[in-house]
Amino acid sequence: MQVEGPVDEVARPVGDGGGGDVVVLGEPGRHRVNSELLGAGAGLAAAIGGRCVMSIDVVDDWEALSGQGVDRVLRHAGTTGAEDVARMLEGRLTRDPPWAVLAPGTAWGREVAARLATRMGAGLTGDAIGLEVRDGRLVAFKPAFGGRMVAEITCTSAVQMATVRPGILPALRPRPNGPFAVEHLEAVPGSRTRIIERHRDDDRDQLANADVVIGVGVGVDPTDLPEIEAHAAAIGAELCATRRVTDAGWMPRARQVGITGHSIAPRLYLAIGTSGKFNHTVGIRSAGTVVGINPDPDCELWSACDIGMVGDWRAAFDLLIPRLADELAQ
Ligand SMILES: Cc1cc2nc3c(=O)[nH]c(=O)nc-3n(C[C@H](O)[C@H](O)[C@H](O)COP(=O)(O)OP(=O)(O)OC[C@H]3O[C@@H](n4cnc5c(N)ncnc54)[C@H](O)[C@@H]3O)c2cc1C
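Residues numbered from 1 in each chain as written. Predicted model: local features only at pLDDT ≥ 70, side-chain atom pairs only at ≥ 80, totals over all residues. Heavy atoms only, no water.

1. Points about the environment of Leu74
Heads up, the condition is: Secondary structure is summarised from DSSP: a helix means a run of H or I of at least four residues, a strand means a run of E of at least two, and numbering begins at the N terminus for each.
Secondary-structure assignment places Leu74 in strand β3 (residues 72-78). Each C-alpha atom, one on Leu74 and one on Gly121, is 21 Å from the other, the two residues being 47 residues apart in sequence.

2. Looking at the packing of aromatic side chains
Selection criterion: Aromatic pairing here means that ring centres of Phe, Tyr or Trp (its six-membered ring) are within 6.5 Å. Orientation follows from the plane angle: under 30 degrees is stacked, over 60 is edge-to-face, and everything else is tilted. Exposure categories follow from relative accessible area, calculated using a 1.4 Å probe and restricted to protein chains: below 20% of the type maximum is buried, above 50% is exposed, and the middle band is partly exposed.
By the definition in use, this model includes two aromatic pairs. Seen in terms of ring centroids, Trp62 and Phe180 are 6.0 Å apart; in terms of plane orientation they differ by 15°. Their pairing is stacked. Residue Trp62 is found in helix α2 (residues 62-68), and its partner Phe180 is found in the loop between β9 (160-164) and β10 (181-187); the two are separated by 118 residues along the sequence. Taking the relative accessible area as the measure of exposure, Trp62 reaches 31% and is therefore partly exposed. Classification of Phe180 as partly exposed rests on a relative accessible area of 23%. Here the aromatic rings of Trp313 and Phe317 are separated by 5.8 Å at their centres, their planes lie at 85°, and the arrangement is edge-to-face.

3. Details of the sheet that holds strand β7 (residues 137-144)
Test applied: In this scheme, strands are said to pair when DSSP sees at least two bridges between them. Under this scheme, a helix contributes an axis fitted over its contacting stretch, all axes are lines through C-alpha atoms, and angles between N-to-C directions fall in the 0 to 180 degree range. Every residue pair with non-hydrogen atoms within 4.5 Å of one another is taken to be in contact.
Pairing is antiparallel across the open sheet formed by three strands, whose spatial order is β6-β7-β8. Since the sheet does not close on itself, it has two edges, and those belong to β6 (130-134) and β8 (149-154), each with one partner. Averaged over all pairs of adjacent strands, the angle between their axes in this sheet comes to 30°, without regard to strand direction. As defined by bridge partners, β6 adjoins β7 across five bridges and the pair is classed as antiparallel. Counted as the bridge partner of Val133 is Leu138 from β7. Here helix α1 (residues 31-48) sits on the sheet and contacts β6 and β7; the angle it forms with β6, its principal contact strand, is near 5°.

Written as structure tokens, this is what we have:
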């Protein structure tokens, strides 16, 4: 089985950068989400003859940044509280207004973006699933009516803003590294909110970064989950679930994929025990190859699959997983 990797390369800057800045708001510690946004930011910047500017607190790998799309870094010291970061960026971006600001559609990203948009009087499209430039303006694509329609939204404000759904933008191949400028900012603590403790029920990035994901629905028995985990380990896969599975408490909510869960873009997605309802499969639209296994020859899952196997997941996995383990190891 041929498993597809990223096809397109991160766009390179064109011209003298006078077309304006596309500022990408980097979330602390969310490498995968940040690199998705940078790929989109670099593409928009190239389309307007501008530059892609990343705002971030800690940089783990300076070498990789340019390849991911960065032409300038606004590196901020101090607090990373949403209110403080928004205030800090307002100061910098009012002095030198960008063409657009992109933020991750995560809890933190949404909070910073909403506060920044209000402070700057900028139009903000929330939870976009795609971005493009048309007539020199930013067009953000946003699902409506439960995802059955995609609306094209433009802002009328000078600075255009959008938050983007994590996991929905395609992974891009890095462009060759080049030099980039760094500007230092300071986020001064002044927030009325004090964060006493942070807790996540799971590591969301583990799923977001996975090349291979097994999606589990209620058609499997919960007592079979250890066996499915062993199959996943054999091919280096992460597990995700339908909402019915997370509602039943078989897996953490952070593993839910779909319209009210996460969007993911693995190179290979194996769906078992799920009927493939739209509310679930909308979250795997950016997956590379989708393989479905279901005994029902008429289920909805087939319309989302590249390869469908009509049958029981266990019988299919007994044959498929050892072959896949060999293929993926090469
Ligand atoms: C507002 C709203 C938001 C929602 N958001 C989400 C969301 O974000 N994510 C999400 O997933 N859902 C979401 N849902 C629920 C969604 O509509 C579906 O109900 C849900 O995805 C179905 O889950 P399922 O496929 O696990 O179960 P089912 O639809 O019951 O499918 C089980 C499948 O397992 C198959 N099966 C049985 N035995 C086997 C076997 N041995 N091997 C292989 N297959 C077998 C059956 O043939 C069946 O097709 C949402 C619903 C609403 C109303």
